[in-house]
Amino acid sequence: VTEVRDDGKGVLRECLLYIQKHLQRKDVNGFFAAPVNDTIAPGYSNIIKEPMDFSTMLLKIENDTYDSIMDYKTDYVLMCNNAMTYNRPETIYYKEAKRLLQSGMKMLSKEKLLSMRRSLG
Ligand SMILES: COc1ccc(OC)c(-c2cc(C(C)=O)n3cccnc23)c1
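Residues numbered from 1 in each chain as written. Predicted model: local features only at pLDDT ≥ 70, side-chain atom pairs only at ≥ 80, totals over all residues. Heavy atoms only, no water.

J.: Can you explain the nonpolar core? Please cite residues and give values.
T.: By size, the foremost hydrophobic cluster in this structure holds 25 residues, and its most contacted members are Ile-19, Leu-23, Phe-54, Met-57, Ile-69, Tyr-72 and Tyr-76. Ranked by the residues each element gives to this core, the list is headed by helix α4 (residues 69-86), at 7 residues. Discounting residues that sit within four places of it in the chain, Tyr-76 has contacts with Leu-23, Phe-54, Met-57, Leu-100, Leu-101, Ser-103, Gly-104, Met-105 and Leu-108. (Core = buried A, V, L, I, M, F, W, Y, C linked by side-chain atoms within 4.5 Å. Buried < 20%, exposed > 50% of the residue type's maximum accessible area, 1.4 Å probe, protein only. Helix = DSSP H or I, 4+ residues; strand = E, 2+ residues; numbered from the N terminus. Contact = heavy atoms within 4.5 Å.)

Below, the structure written as structure tokens:
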């Protein structure tokens, strides 16, 4: 019987899928569910050099591209910051990005991650 070695990526993937499901629930309008394109956001690709959205992050989770939860957090912060760079503060996109960032930081706080790592043993 070939021993199926869990390289630990399986645990990380489960954590990230759980975290993303929790965070994406906050994006009720789906503004962050798919890549923003220049049709709906004129000039977007000229202003935002590194686009990011939840669908791209899900692909990266499934392809085991992230090597840690903090690595995933970098993309999450990038996604929110892109929206706060391209959109004016009075727009719903800016406001939603700010809210996502705040709720995300609670979930992805160092304390929370340390306690998660302790509980995973
Ligand atoms: C109005 O319906 C949608 C549907 C999907 C969107 O992004 C995937 C967006 C959207 C999402 C964004 C963001 C995230 O900056 N955006 C900026 C300007 C104009 N539209 C958007 C809006």
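J.: Please set out the site of the ligand residue by residue, giving values where relevant.
T.: Residues in contact with the ligand, as listed here, are Phe-31, Phe-32, Ala-34, Val-36, Ile-40, Ala-41, Asn-87 and Tyr-93. Between the ligand and Asn-87 there is a distance of 2.9 Å, counted from an oxygen atom to a side-chain nitrogen or oxygen. One nitrogen or oxygen atom from the side chain of Tyr-93 is found 3.4 Å from a nitrogen atom belonging to the ligand. If the ligand stood free it would expose 490 Å²; the protein chains cover 75% of that surface. (Near = heavy atom within 4 Å. Polar contact = N/O pair within 3.5 Å; in protein donor to acceptor, adjacent residues only side chain to side chain. Areas by Shrake-Rupley, 256 points an atom, 1.4 Å probe, with all protein chains shown as cover.)

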